[in-house]
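Breakdown of the fold
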Amino acid sequence: MNDCIFCSIANRQIPAELIVETDTLVAFHDLNPQAPQHVLLIPKKHIATLDGAGDEDRAVLGDLLLAAAEIARRLGFAEAGYRTVINCNQNGGQSVYHLHVHVLGGRALEWPPG
Ligand code: 5GP
Ligand code: ZN
């Protein structure tokens, strides 16, 4: 997927400061943060949406959530609390069609989302 911005970040074709890199995922700071802490985690494999994930992606989906929790602890906002978000398709507000988990922390977040 040459035209996918998140594949380009995962492949290091576009420079980004990676917070974490494992065999299956990378994490980096969101370009346009919506909270004092706003991290994105993406699978190295191009999966366009959560709706497009399949049984073969079970392990990497688990990796993403466990890594999100680990990053929140490491960056120091786990105990205060945070939110993980996966936007899916148009009504979900997805703008980059490479599956990603948002981790938002560092302030009290409102509910319900807009
Ligand atoms: P979505 O709206 O698809 O759930 O979230 C996409 C997120 O990716 C947005 O929060 C946006 O700010 C972020 N984003 C888009 N392009 C880039 C980029 O090139 N670098 C980084 N670090 N974040 C990006
Ligand atoms: Zn991609």
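Per chain, residue numbering runs from 1 following the sequence as it is written. As a convention, the first chain written is A and the first ligand written is 1, with the rest following in written order. Residue-level local features of this predicted model are given only where pLDDT is at least 70; pairs of side-chain atoms are given and counted only at 80 or more, and the full residue set underlies all totals for whole chains, interfaces and linings. Each side-chain value is worked out from all heavy atoms of the structure, with water and hydrogens disregarded.

This part takes up the coordination of the zinc ion (ligand 2). The donor set comprises N, O and S atoms within 2.8 Å of the metal, extended to 3.2 Å for Na, K and Ca; water molecules are omitted, so apparent gaps in a site may simply reflect that omission. Only Cys-4 (SG), Cys-7 (SG), His-46 (ND1) and His-98 (ND1) from the protein reach the zinc ion (ligand 2) as donors, at distances of 2.0 to 2.3 Å. Here the zinc ion (ligand 2) binds 4 donor atoms, and the angle range of 105 to 117 degrees at the metal identifies the geometry as tetrahedral. If you list the donors of the zinc ion (ligand 2) from N- to C-terminus, the spacing comes out as C-x2-C-x38-H-x51-H. Placement of His-46 in the loop between strand S3 (37-43) and helix H2 (58-75) and of His-98 in the loop between helix H3 (89-92) and strand S5 (101-105) is noted, with a sequence separation of 52 residues between them. Burial classes: relative accessible area under 20% of the type maximum marks a residue as buried, over 50% as exposed, and values in between as partly exposed (1.4 Å probe, protein chains only). Using a relative accessible area of 25% as the deciding quantity, one classes His-46 as partly exposed. A relative accessible area of 0% means that His-98 is categorised as buried. Metal sites are grouped by the angles between bound donors: all angles between 85 and 135 degrees with four donors is tetrahedral, opposite donors over 155 degrees apart with the others between 65 and 115 is square planar for four donors and octahedral for six, and any other pattern is irregular. Runs of E in the DSSP output that reach at least two residues are strands. Runs of H or I that reach at least four are helices, and both are numbered from the N terminus.

Near, as used in this document, describes a residue that has one of its heavy atoms within 4 Å of the molecule or strand being considered. Asp-30, Asn-87, Ser-95, His-100 and His-102 are the nearest of the 16 residues found near ligand 1. Within the contact set of ligand 1, an oxygen atom lies 2.5 Å away from a side-chain nitrogen or oxygen of Asp-30. Definition of a polar contact: a pair of N or O atoms within 3.5 Å, with one able to donate and the other able to accept a hydrogen when the atoms are protein atoms, and with sequence-neighbouring residues admitted only if both atoms are side-chain atoms. Between His-102 and ligand 1, the recorded distance is 2.8 Å, taken from a side-chain N or O atom to an oxygen atom. Only the protein chains shown count as cover for residues, with accessible areas throughout obtained via the Shrake-Rupley method and a probe of 1.4 Å. Calculation on ligand 1 without its partners gives an accessible area of 520 Å², and the protein chains cover 81% of this total. Only protein atoms enter the calculation, which uses a 1 Å grid: trapped sets of points that fit a 1.4 Å probe without letting it out are cavities, open sets showing protein on both sides within 12 Å along at least five of seven lines are pockets, and any residue with an atom within 4 Å of a point is a lining residue. A molecule is counted as occupying a cavity or pocket when more than half of its atoms fall within 2 Å of that pocket's grid points. Under a 2 Å grid-point criterion requiring more than half of the atoms, the pocket assigned to ligand 1 is the largest pocket. Within the residue set of the shell around ligand 1, elements represented by two or more residues are helix H1 (5-10) and strand S2 (25-29).

On to the pattern of salt bridges. Here, a salt bridge means any Lys or Arg side-chain nitrogen found within 4 Å of an Asp or Glu carboxyl oxygen. Applying the stated criterion across every chain yields a total of 5 salt bridges. Glu-21 serves as the salt-bridge partner of Lys-44, at 2.8 Å between the closest nitrogen and oxygen. In this pair, Lys-44 is assigned in the loop between S3 and H2 and Glu-21 in strand S1 (residues 18-21), connecting sequence segments 23 residues apart. By relative accessible area, Lys-44 is classed as partly exposed at 29%. Looking at Glu-21, the relative accessible area reads 39%, which means it is partly exposed. Taking the shortest distance from any N to any O, the salt bridge between Arg-58 and Asp-55 comes out at 2.3 Å. For the pair Arg-58 and Asp-55, a shared accessibility class is recorded, and that class is exposed. Taken together, the salt bridges that share partners define one network made up of Arg-12, Glu-21 and Lys-44.

This paragraph deals with H2. Under the 1.5 Å per step criterion, the end-to-end length of H2 is 26 Å for 18 residues, consistent within 8% with the ideal 26 Å. Where H2 is concerned, the buried positions are Val-60, Leu-64, Ala-67, Ala-68, Ala-69, Ile-71 and Ala-72. Throughout, a residue-residue contact means that at least one pair of heavy atoms, one from each residue, lies within 4.5 Å. Those residues of H2 hidden inside the fold are in contact with S1, S2, S3, strand S4 (82-85) and S5. Phi turns positive, to about 90 degrees, at Gly-76, one or two residues after H2. The span expected for a helix works out to 1.5 Å for each residue beyond the first.

What follows concerns the pairing of S1. Strands qualify as paired when DSSP identifies two bridges or more between them. Relative to S2, S1 runs antiparallel, the two sharing 3 bridges. The residue of S2 that forms the bridge with Leu-18 is Phe-28.

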